[in-house]
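# Coordinates in review
Single-letter residue listing:
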Amino acid sequence: MSEKKLIEVRGAYSLPEDVLEAVHTALNEDVEEIVGLFKVLADPTRLRILKALEVQSLCVCVLVEATDQKHSALSYHLKLLKEAGLVDSKRERSFQIYYLTEFGNLLLKYIEKHFEKS
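Because the structure is predicted, anything quoted here is derived from the model rather than measured.

## Looking at the overall build of the chain
Looking only at helices and strands, one finds six helices and five strands in the chain. When the helices and strands of the chain are placed in sequence order, the string is β-β-α-α-α-β-α-α-β-β-α. By residue count, 25% of the 118 residues in the chain fall in the buried class. Surface accessibility of the chain: about 9200 Å² in total, with carbon and sulfur atoms responsible for 56%.

## Some details on the sheet that holds strand β4 (residues 87–92)
Strands sit in the order β3-β5-β4 across an open sheet of three strands; the sheet is antiparallel. Pairing within the sheet leaves two strands with one partner each, and these edge strands are β3 (58–59) and β4. In terms of strand pairing, β4 meets strand β5 (residues 95–100) through six bridges, oriented antiparallel. Residue pairing across strands places Asp-88 opposite Tyr-99, the latter belonging to β5. Each of β4 and β5 touches helix α5 (residues 71–83); the most contacted strand, β4, lies at about 115° to it.

The rules we used
- Residues numbered from 1 in each chain as written.
- Predicted model: local features only at pLDDT ≥ 70, side-chain atom pairs only at ≥ 80, totals over all residues.
- Heavy atoms only, no water.
- Helix = DSSP H or I, 4+ residues; strand = E, 2+ residues; numbered from the N terminus.
- Buried < 20%, exposed > 50% of the residue type's maximum accessible area, 1.4 Å probe, protein only.
- Areas by Shrake-Rupley, 256 points an atom, 1.4 Å probe, with all protein chains shown as cover.
- Pairing = 2+ DSSP bridges.
- Contact = heavy atoms within 4.5 Å.
- Axes fitted to C-alpha atoms, helices over the stretch in contact; angles between N-to-C directions.

Here is the structure:
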């Protein structure tokens, strides 16, 4: 078994060299996509849209009816959710129907489970 070289950090704390390299790699990773996802999730209206779509796939017109939001505002929120990969849409007759993607569904369920009241 090879001996790992320990790197002393701040005098009293030591780490194996490979661990310190892994930490540096992790700290230098591009996290912009994850940051973008968190920004999308940080808006209460978008979270409410996700929860509504968890119940059933819906057109914007139903969301307009169920909220105090304008069609254009809801369309904007849906666009951001779609770009984040959380929702998708399909055309049914003259309606654009929005639904949770598999990723959106799994993420929402995970978030809800984490915040469940015991």
